[in-house]
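One letter stands for each residue in the lines below.
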Amino acid sequence: MRTGIRTPLYWRLESIVGTSLIIYLDFSPWPQRGLKGLIDIQKLSNGTSLKFLNLAGNEIESLKSFQGGGKELQKLSNLEYLDLSYNRLDNNSLSSLRRLSSLKFLNMEYNLLEGLINMEELDALGNLEVLSLGGNQITKVVASRDMRLVRNLSALFLDNITTHGRSSIQLELLGAYPFLKTLSLTDNSFKGAIFAQELHNLSSVEELFLDHSSLDEESFKSFGVLPFLKFLSMKALNATLPIQGLLNFKNLVYLDLSFFTLHNNFLKDIGKISSLKILLLSGCQLSGTIPAAKGLCELKHLLKLDMSNNDLRGTLPSCLANLTSLQQLDISSNHFIGNISIYPLGTLTSLHKLQLSRNLFKIPISLLPFFNHSKLKFLDCHENEIYADIDVPNLTPKFQLETLHLSGQGDGGVFPKFLYYQHNLGHVDLSYIKMKGEFPHWLIGNNTKLNTLYLPSCSLSGPLHLPIHSHVHLLDLDISDNSFNSPIPTEIGVQFPNLYFLNLSGNGLIGDIPSSFGKMSQLIKLDLSNNRLSGIIPQDLIVGCISLFDLILSNNNLQGQIFPKQANCKELGRLLLDGNQFTGSIPYSILNCTGLNMLDVSDNHLFGSIPGWRRNMTFLEVLDLSKNKFSRTLPSSFVPPQIREVYLSNNRLQGPLTNAFYNCSELMTLDLSHNYFTRRIPDWIGKFPKLSYLLLGYNNLVGEIPIQLCNLGQLSLVDLSNNNLSGHVLPCITAASNKVRQEEVGTNPYMASSPGLDLSCNNLTGKIPAEIGNLNMIQVLNLSHNSLTGLIPQSFSNLKQIESLDLSYNKLNGKIPQLTQLNWLAVFSVAHNNLSGKTPEMVAQFATFDNNSYEGNPFLCGPPLSKSCFSSSTMPRVSEEDKKDHKRDGGFMDMDAFYHSTMMSELSLCPSLSKLGWLQNNELELIAEYNLLLVFIRGLQWNDESQEMISGSLLNSMNNEGLVKRNYLDEVMMDSIVILREREAQCTVDEGGFFKNVFQAIEFLLWLARMREPSLNAIDFGLSVFDEEGNDQ
């Protein structure tokens, strides 16, 4: 006799004609396709034995043969269960069901029922016990007059029917069903509604569901007329209700207030509902301590108590020992403290299930406090402090555990002895407890029902031994990150033939990968990474593990080809072979893995060209071929359009990028750095709307940064460094880089890195756009080793998250802006520019930066530089009018900055410049105070002979009034420029930068002379006859 069919959706109703012996028929979607439109149920008319019919979750709009109550439906007279929920049926469908006289369960929720619903259309369903009309757009329900329906209907579900304020209308029919025992009104809004009259006749209601509904105090009082209510569920209730309202339910046995905000005094008053057996208070924002005497501890009939996911603190009160009937206790995810050995839990010997996880308890690994709990089956103590108790008596525990979660931090000493006496274990988790000893293979042998064993990071050592006999029930084994330092047992595949998940990573395992892995035909995930395995990947593993989805062999010493020539890997989704010694090219057999989602063969010795993946790898999303020796050019459109991450860095790839990634609209990460790519960055780079990480550094790319980068609104990390890019820094890139992705890090190594912009070591020119300062979430900015000019933007003070800022080796000038409020700055350099003025005050992060951050800026002064700035009391003063005149004349430098710096320090000039000694024979009239000229000369730090000669000439030329005569100013200055120009060509590259500063200094003296004596027009003429190269114009 055929009792049931779970139909694939491509079946038609005609295909089951003649199946008169079927009892159970399920047409719900499996997994996606469903029945649509008009369904002719006449095809089922031969199903005289059919009792269960499920058509839920399709797109049925009408039931053809039900219309008019066809006689053929009399042949479905035995149908008791009909589920039509989540379809598109309208009001007419109700009358079509009247011939189903045996129907006991009818579910019509979430269809297109609307307006007035007349329950008289269901009068013929005299045996109906359960009716669900929730999730429809009903405005009014007219109750049935047929006493058969009224009498038999015991459960009514009107969930989510109060849209648009129809709550009071919906409940008018309730008074007509006095024999209801179960009433569900979840996901409704009853605020302001008073319906005590409608509920008054429902004296038989025992179960009331108000989950996810909205109530106020008045509407809640309406439910107080239900005198025999035993079961009340108000999960996630949107209300603030006084505890007194609950106290009216004297017969309550079951109360669920999970995720409903409660006041702290609730635990003191709840003891008044003494009939309670099940109390669920998870996620109620309870805080403080549990009352030590009254309240909760008075519920002596309590069988189940759940107070998980709150903010309860302190120790457990001793009065909990009164709850001797308690069978299930869950106080996980709180902040309870103390040693569990001295708590009252040891007296609650009726416990079947105990959950203490995610607290601050101290729990002995021996579990001695629970040795008398003979009924204990489930114990969860994970994420507490586990410790090794001393002098444990030689006792046998009375419990036989089925589930044990004891993972946590702590030193557990030796492997717990009580486990030797356990024989019914199905799940064991002792993760991250430091224990001495070898792998407990006896634990698997003693528990034939064991299906899950977790022992990662348990400090286990010694050789890896397996039980003598095969264990067919073990499904999940994780013993990663221990120290076995031995070969993998050769017969592991025979011992555990039905494993789904196996993790042996991080154990120092040596030797070859056993071919017996091929016996694990059910294996879904195999992780052997971070060991010292050698040899090749056995072909039996790839051929025999037909269910394998994850194969992780990273960071070993495996050799040979990365994949056997024969492979049956259609189910393989992730293949991670990185960090090995594989050689050769990528074999074509890997293209048979058409279901691959992630391929990582990075950090090997692979070479040759990269094959095209587009046609075969239609599911590939992550491709990592980095750190190999791949060469030649990239194939055109070689990755599928759904690719999300591509890593090709540190290879020998060359040529232009052309159309390699064209139409990859899902691309999030593109790393092509450290290769030999040439030509321009393609314009199609702007067609990746989800691109977050772009790394093209260390190539031979030329041209300007493409404006299309400004179209990418998800960019977080951009590295174009060490290329030959020219042009300007894009101001519009600021908006693109101003977002830090918050996605789960997952496999992407850059998701955990700092968001940043690196354009260093290129040929960029022009000013730094002020818009760069709008990158207020950026953490790394590197514009060094370019030819950028102008000022450092003041907007850089907005870079509040910046950790590394490098502007060194450019041609920036002016002052350093106020940046001392950048509290996260750890790396800072403006070295080797033309900056002037005082260095930033050495406070906060700037107190950590030394001379290296500022060197190569001759006009900078102040700590940490050895050069001090002039005191304002001794400096030449320039009037405000003079400053205005200087600005009008296009002055080349900030005079205030000049006065605050010592000119030309720590620079050298070719020794041949000593011939400037002829200056001692001239008599010059004073242009500036003697001390300023002397500082200027001494600041040059020429060789000792030249400095002494020039300093002496100045002293000799001074008269008693301290003034130098005026007559030979033009001659001295112009001859000095000529000599300096002549000698510049004879100096090295490093010395060349000095001359620019010398010319600027002499120009300043000439400017100062003009300030003092406007008639000296010959100076301006003299300067104009030399261009920047020192050539006569």
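Structure: above.
Residue numbers restart at each chain and count upward from 1, following the sequence in its written direction. The predicted nature of this model means local features are confined to residues of pLDDT at least 70 and side-chain atom pairs, given and counted, to a pLDDT of 80 or more, with totals for whole chains, interfaces and linings taken over all residues. Hydrogens are left out, water is left out, and the side-chain values use all remaining heavy atoms of the structure.

A.B. asks: Looking at this model, I keep getting lost on the sheet that holds strand 25 (residues 385–387). Mind explaining?
C.D. replies: The strands making up a sheet associate through hydrogen bonds between their backbones, and the pairing can be parallel or antiparallel. Strands are labelled as partners when DSSP assigns at least two bridges between them. Each helix corresponds to a stretch of at least 4 residues labelled H or I by DSSP, and each strand to a stretch of at least 2 residues labelled E; elements are numbered beginning at the N terminus. The strand order across the open sheet built from 5 strands is 17-19-21-23-25, with neighbouring strands paired in parallel fashion. The sheet terminates laterally at strand 17 (287–288) and strand 25, the two strands that pair on one side only. Taken together, the 3 bridges between strand 23 (residues 360–364) and strand 25 define a ladder with parallel strand orientation. For Pro 364, the partnering residue across the bridge sits in strand 25 and is Tyr 387.

A.B. asks: Where do I start with the state of the cysteines in this structure?
C.D. replies: Disulfide: a covalent bond connecting the sulfur atoms of a pair of cysteines. Two cysteine sulfur atoms form a disulfide, by the criterion used here, when they sit within 2.5 Å. Applying the stated rule across the entire model yields 3 disulfides. The disulfide that involves Cys 861 links it to Cys 869, with 1.8 Å between the sulfurs. Between Cys 861 and Cys 869 the disulfide shows an S-S torsion of about 100 degrees. By sign, it is right-handed.

A.B. asks: What exactly am I supposed to notice about the sheet that holds strand 44 (residues 652–655) here?
C.D. replies: Pairing is parallel across the open sheet formed by 7 strands, whose spatial order is 38-40-42-44-46-48-50. Looking at strand neighbours, the two that pair on one side only are strand 38 (583–584) and strand 50 (724–726), the edges of this open sheet. With 2 bridges connecting them, strand 38 and strand 40 (residues 605–608) associate as parallel partners. Its bridge partner lying in strand 40, Gly 584 is registered against Leu 606.

A.B. asks: Would you mind going over the environment of Ser 282 with me for this structure?
C.D. replies: With respect to the secondary-structure elements, Ser 282 resides in the loop between strand 16 (278–280) and strand 17. Through-space distance from the C-alpha of Ser 282 to that of Lys 235 is 9.3 Å; in sequence the pair is 47 residues apart. Beyond its immediate chain neighbours, meaning those up to four positions away, Ser 282 contacts Ser 258, Phe 259, Asp 306, Ser 308, Asn 309 and Asn 310. Any pair of N or O atoms that falls within 3.5 Å is considered a polar contact. Within protein, one atom must be able to donate a hydrogen and the other to accept it, and sequence-neighbouring residues count only if both atoms are side-chain atoms. A polar contact of 3.0 Å, which involves the side chain of Ser 282, links it to the side chain of Ser 308. Residue contacts follow a heavy-atom distance rule, with two residues in contact if any of their heavy atoms lie within 4.5 Å.

A.B. asks: For this particular structure, what's the right way to read the side chain of Asp 211?
C.D. replies: Checked against the element boundaries, Asp 211 lands in the loop between strand 13 (207–209) and helix 5 (217–222). Lys 235 is the oppositely charged side chain nearest to the buried, salt-bridge-free Asp 211, at an N-O distance of 4.2 Å. Of the polar contacts made by the side chain of Asp 211, one reaches the backbone nitrogen of Lys 235; its length is 2.9 Å. Not counting chain neighbours up to four residues away, the residues in contact with Asp 211 comprise Thr 186, Asp 187, Ser 233, Met 234 and Lys 235. Only protein chains enter the calculation, and the probe is 1.4 Å; a residue is then buried if its accessible area is under 20% of its type maximum, exposed if over 50%, and partly exposed in between. Neither His nor the chain termini are counted; the positive set is Lys and Arg, and the negative set is Asp and Glu. Salt bridge, as applied in this entry: a Lys or Arg side-chain nitrogen positioned within 4 Å of an Asp or Glu carboxyl oxygen.

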